[in-house]
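Structural overview for review
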Amino acid sequence: MGIADPSLEVVRLTPKWQEGLQEFFQDLKASGDGVFFAPHPADEDSISRVAAYHGKDLYYLLVEREKILGYGMLRGWDEGYQIPSLGLAIHPSARGQGLGKILMDILHLLALRRGADKVRLRVRANNEKALHLYKSLGYVLNEDTHQTGFLVGLKNIGRE
Ligand SMILES: CC(C)(COP(=O)(O)OP(=O)(O)OC[C@H]1O[C@@H](n2cnc3c(N)ncnc32)[C@H](O)[C@@H]1OP(=O)(O)O)[C@@H](O)C(=O)NCCC(=O)NCCS
């Protein structure tokens, strides 16, 4: 079934989205994907802290009216790294439509506009869907030497 009045917006995470983000994490957990996506704790206090965050790192949402369809982030600048780490999840009800790819493209653009020429990420070696997506976008993946069962991906985003 389609949506009568579809709309898609990319917005920066702000406190207004706190409850929505809490629900987003609950839905991810319920779908069994919580294990793949745990960028920060998902309790109320932690989410309210992230929603009110001000700093160099970037937290973005893909929304349709009041519903969060995607959550993506670029982190590491606050800690002084040149190459940001990317993370994302798409709501279980909105998968397989290209939203993950769009959110990745947007995060890459944001990183580029911030002056980064590479983006990195960490992914569980058994996260097939995410691995397909990352490979299709040109990430080079290698075993994480610090933690077995994880891969580290790196992608050039700057102009060659
Ligand atoms: C990984 C994830 C973000 C993909 O989101 P999505 O919106 O469904 O992805 P898209 O529709 O943009 O698909 C893009 C690509 O992802 C891969 N993909 C998507 N669904 C897939 C599936 N069911 N099986 C295998 N690959 C899949 C494919 O490579 C696809 O490209 P294609 O359409 O050319 O085949 C989503 O599954 C998710 O949120 N997973 C849980 C959280 C997570 O694992 N985050 C990453 C942590 S490192």
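Numbers given for residues are sequential positions, taken from 1 along each chain in its written order. Confidence filtering applies because this is a predicted model: local features only for residues at pLDDT of at least 70, side-chain atom pairs given and counted only at 80 or more, and all residues used for totals across whole chains, interfaces and linings. Hydrogens and waters are ignored; side-chain quantities use all the structure's heavy atoms.

Under an unreviewed UniProt entry, the protein chain has the name GNAT family N-acetyltransferase and belongs to Candidatus Dechloromonas phosphorivorans.

**Let's talk about the nonpolar core**
Going by this rule: In these notes, a set of buried Ala, Val, Leu, Ile, Met, Phe, Trp, Tyr and Cys residues joined through side-chain atoms within 4.5 Å is what counts as a nonpolar core. Burial classes follow relative accessibility: with a 1.4 Å probe on protein chains only, a residue under 20% of its type's maximum area counts as buried, one over 50% as exposed, and anything between as partly exposed. Here a helix means four or more residues in a row that DSSP labels H or I, a strand means two or more in a row labelled E, and each is numbered from the N terminus.
Core analysis: the largest hydrophobic core is formed by 29 residues, its most contacted members being Leu74, Leu86, Met104, Leu121, Val123, Tyr134 and Tyr139. Elements supplying a minimum of two residues to this core: strand S2 (58-64), strand S3 (67-75), strand S4 (85-90), helix H3 (99-113), strand S5 (118-124) and helix H4 (128-136). A per-element tally of this core places H3 first, with seven residues. With 18 residues, the next largest nonpolar core counts Val11, Phe24, Ala51 and Val63 among its residues.

**Some words on the UniProt feature "domain: N-acetyltransferase" (unreviewed entry) in the protein chain**
Put simply, the rule reads: UniProt positions are given in the numbering used here, feature names are shortened, and annotations may be inferred rather than shown by experiment.
What UniProt calls "domain: N-acetyltransferase" (unreviewed entry) maps, in this numbering, to residues 8-158. Helix makes up 30% of residues 8-158 and strand 29%, whereas the separation of the span's terminal C-alpha atoms amounts to 27 Å.

**Some points on unusual backbone geometry**
With a phi angle near 55 degrees, Arg65 is a residue other than glycine that sits in the positive phi range. Its place among the elements puts Arg65 in the loop between S2 and S3.

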